[in-house]
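Each chain, written out:
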Amino acid sequence: MTDTTGTPRPGTPDASGSGTSDASPADTTGTPRLADTTGTTGTPRPADTTGTPGTPRPGTTTGTPGTPRPGTTTGTPRPTAPPSAALLRTAAELGASAPLKGTRAVVMTMGALHEGHATLIRAARAAAGPDGQVVVTVFVNPLQFGEAADLDRYPRTLDADLAVAAAAGADAVFAPSVDEVYPGGEPQVRISAGPMGERLEGASRPGHFDGMLTVVAKLLHLTRPDVAFFGQKDAQQLALIRRMVRDLNFPVEIAGVETVREPDGLALSSRNRFLDAEERHTALALSKALFAARDRLAAQQALHARAQTTSATTGRAAALTALGEARAAADTQAVALARPVDGPSAVRAAALLILDDAAAAQPPLVLDYLALVDPADFTEVPDDRTTGEAILAVAARVGKTRLIDNIPLTFGATT
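Residues numbered from 1 in each chain as written. Predicted model: local features only at pLDDT ≥ 70, side-chain atom pairs only at ≥ 80, totals over all residues. Heavy atoms only, no water.

K.L.:
I tried to follow the overall build of the protein on my own but got confused; where do I start?
P.N.:
From N to C terminus, the protein includes 12 helices and 9 strands. For the protein, the residues scored as buried account for 40% of the 415 residues in total. Look at the contacts in the protein between residues 6 or more apart in sequence, and 71% of them connect residues 24 or more apart. For the protein, the accessible area works out to roughly 22,500 Å², and carbon and sulfur atoms hold 56% of it. (Helix = DSSP H or I, 4+ residues; strand = E, 2+ residues; numbered from the N terminus. Buried < 20%, exposed > 50% of the residue type's maximum accessible area, 1.4 Å probe, protein only. Contact = heavy atoms within 4.5 Å. Areas by Shrake-Rupley, 256 points an atom, 1.4 Å probe, with all protein chains shown as cover.)

Pasting the structure below:
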């Protein structure tokens, strides 16, 4: 950036807008210059044009207070330069940028930043505060891609990423090369994701989570943050990072941030740009399925809560009728039969109904998995689960683009 403030140059108005300037030898202040001769008092030489007092000679400006000379500015504030973030390419540059005090917060990405990433960066900025530092990492990790074509196809938009990161509050963007991260080639020693890494995404993309944890571990060592932010959209990834940090005693806090969605419900993803209009319409089935499952669980739990507060005798029907409900008898039977143990199976069924319809659409949605899992280890939630937290996760392919989404659920809630 170029700093446009400071002491005005000779011959130009100052930044205050007063219209005054430092006089140069060519300026006319109203007093004749030494080389001028007036002749008879009050009679100008033929070449002079003193004229009426205050009238400028040809080619000069009057210098009226507050009026700028042509080509100068009036002192109106110039446009503020957009925020910028330092681009760091090496571990040495990253180390040299570490703050002397305050919190360092890190957001790890593979680039192609969007509003979802910006939300993470803003959360990091809030955590770091004005005295801390926010670092965004941009690195397309080859260890996470099973197919070279998928790696090559992944979008790389560093210039745009710098702008998004800076606008959201980042102080620096660490965008190392592959050689900088893996100086000896692919690492011989890697982090294993264990059994959790073999489920769902791990089953569909063998080795993916080993590669992800390996680069996250390296970046945690390089950036040395106090807190690192990750999106809930990649729920299995977030769970594995938390487990690695706990199991291997990394001195860092891991913070999850809620999934950010488009206005139509589609979860924000760098891969969304690959969808055409028809594919995007089909892809909306992912979020619609999750929302249908959530609503089904909420309705069932509300019904069950009502069953708990209504007498189990014939007084139940009378109470419902007294409330003016037209279908009191049928509702009474539904309430009597409502059992929380139906929750997990009902949740899955509600989501599958939407996904099955999308499978018959054009273009079709090709389901990879739909799973209701325990967030601690990503094992399937049993059908007799009545309380506790769960995650409903879905993955599918539309055209050539593979998408994932999930939503957190709570069993046993009454509101």
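K.L.:
Before we go on, may I ask you to explain the packing of helix α2 (residues 115-128) against helix α4 (residues 158-168) in this structure?
P.N.:
Two numbers describe a pair of packed helices, the interaxial angle and the distance between the axes. Between α2 and α4, the least distance of the axes is 8 Å, while the angle of their chain directions is 40°. By the angle class used here, α2 and α4 are oblique. In the crossing of α2 with α4, the sense of the turn from one axis to the other is right-handed. For the pair α2 and α4, contact is made by Ala 118, Ile 121, Arg 122 and Arg 125 and by Val 164, Ala 165 and Ala 168, respectively. Looking at the contact of α2 with α4 residue by residue, the classes come out as 5 nonpolar, no polar and 2 charged. (Axes fitted to C-alpha atoms, helices over the stretch in contact; angles between N-to-C directions. Parallel < 35°, antiparallel > 145°, perpendicular 65-115°, else oblique. Left-handed = near helix turned anticlockwise from the far one by under 90°. Nonpolar A, V, L, I, M, F, W, Y, C, P; charged D, E, K, R; others polar.)

K.L.:
Can you walk me through empty space enclosed by the protein in this structure?
P.N.:
Over the atoms rolls a probe the size of a water molecule, and its path tells where empty space is left. This structure, assessed with the given rule, holds 1 cavity of 30 Å³ or more. The space that makes up the largest cavity amounts to roughly 50 Å³. Lining of the largest cavity is provided by Leu 266, Ala 267, Ser 269, Asn 272, Leu 286, Leu 403, Ile 404 and Asp 405. The leading source of residues in the lining of the largest cavity is strand β9 (residues 401-411), at 3 residues. For the lining of the largest cavity, the class distribution of residues is 5 nonpolar, 2 polar and 1 charged. (1 Å grid on protein atoms, 1.4 Å probe; cavity = no way out; pocket = protein on both sides within 12 Å on 5 of 7 lines; lining within 4 Å. Points joined across faces, edges and corners; volume = space filled by probe spheres on them.)

K.L.:
Which parts of the structure should I look at to understand the pattern of salt bridges?
P.N.:
When charged atoms on two side chains of opposite charge get close, those side chains can pair. This structure, assessed with the given rule, holds 15 salt bridges. Linking Arg 243 and Asp 247 is a salt bridge whose minimum nitrogen-to-oxygen distance equals 3.1 Å. Of the two residues, Arg 243 and Asp 247 are both situated in helix α8 (residues 235-247); the distance of 4 residues between them amounts to about one turn of the helix. Judged by its relative accessible area of 44%, Asp 247 falls in the partly exposed class. For Arg 348, the salt bridge goes to Asp 383, with nearest N and O atoms at 2.8 Å. Residue Arg 348 is found in helix α12 (residues 343-359), and its partner Asp 383 is found in the loop between β7 (365-373) and β8 (388-398); the two are separated by 35 residues along the sequence. Under the relative-accessibility criterion, Arg 348 is labelled buried at 18%. Given the relative accessible area of 43%, Asp 383 is considered partly exposed. Through salt bridges with shared partners, a single ionic network connects Glu 201, Arg 205, Asp 368 and Arg 402. (Salt bridge = Lys/Arg side-chain N within 4 Å of Asp/Glu carboxyl O.)

K.L.:
Is there a simple way to explain α12 in this structure?
P.N.:
Structurally, the α-helix is built with 3.6 residues per turn, so residues lying three or four positions apart point the same way. With 17 residues, α12 extends 25 Å between its outermost C-alpha atoms, agreeing within 8% with the 24 Å of an ideal straight helix rising 1.5 Å per residue. Residues of α12 that are buried include every one of Gly 343, Pro 344, Ala 346, Val 347, Arg 348, Ala 350, Ala 351, Leu 355 and Ala 358, and no others. (Expected span 1.5 Å × (residues − 1).)

K.L.:
What's the story with the pairing of strand β5 (residues 227-231) in this structure? I'm lost.
P.N.:
For β5, the tally of buried residues reaches 4 of 5 residues, placing the bulk of the element in the interior. By the bridge criterion, 3 bridges tie strand β2 (residues 104-109) to β5 in an arrangement that is parallel. Following the sheet pairing, Val 106 is matched in β5 by Ala 228. Here 5 bridges tie β5 to strand β6 (residues 253-257), and the two strands are oriented parallel to one another. Each bridged residue has a counterpart across the sheet, and for Val 227 the counterpart in β6 is Glu 253. Regarding the hand of the β-α-β motif, the stretch spanning β5, α8 and β6 is right-handed. (Pairing = 2+ DSSP bridges. Right-handed = clockwise from strand over helix to strand, strands pointing away.)

K.L.:
How should I be thinking about the sheet that holds strand β3 (residues 133-138) in this particular structure?
P.N.:
The parallel open sheet is built from 6 strands, whose spatial order is β1-β4-β3-β2-β5-β6. The outermost strands of the open sheet, each flanked by one partner alone, are β1 (86-88) and β6. The mean inter-strand angle of the sheet, taken between neighbouring strand axes irrespective of direction, is 25°. Strand contacts of α4: β1, β3 and β4 (172-174), with the helix running at about 160° to β3, the strand carrying the most contacts.

K.L.:
Would you explain the packing of aromatic side chains in this entry?
P.N.:
Any pair of aromatic rings gets described here by the distance separating the centres and the angle formed by the planes. In total, this model carries 2 aromatic pairs according to the counting rule given. Each ring, one from Phe 145 and one from Tyr 154, has its centre 5.9 Å from the other, and the planes form 70°; the classification is edge-to-face. Residue Tyr 154 is classed as buried on the basis of its relative accessible area of 10%. The aromatic ring of Phe 274 is capped on one face by Arg 153, whose charged end is 4.1 Å from the ring centroid. (Phe/Tyr/Trp six-rings, centres within 6.5 Å; stacked < 30°, edge-to-face > 60°. Lys NZ or Arg CZ within 6 Å of the ring centre and 35° of its normal.)

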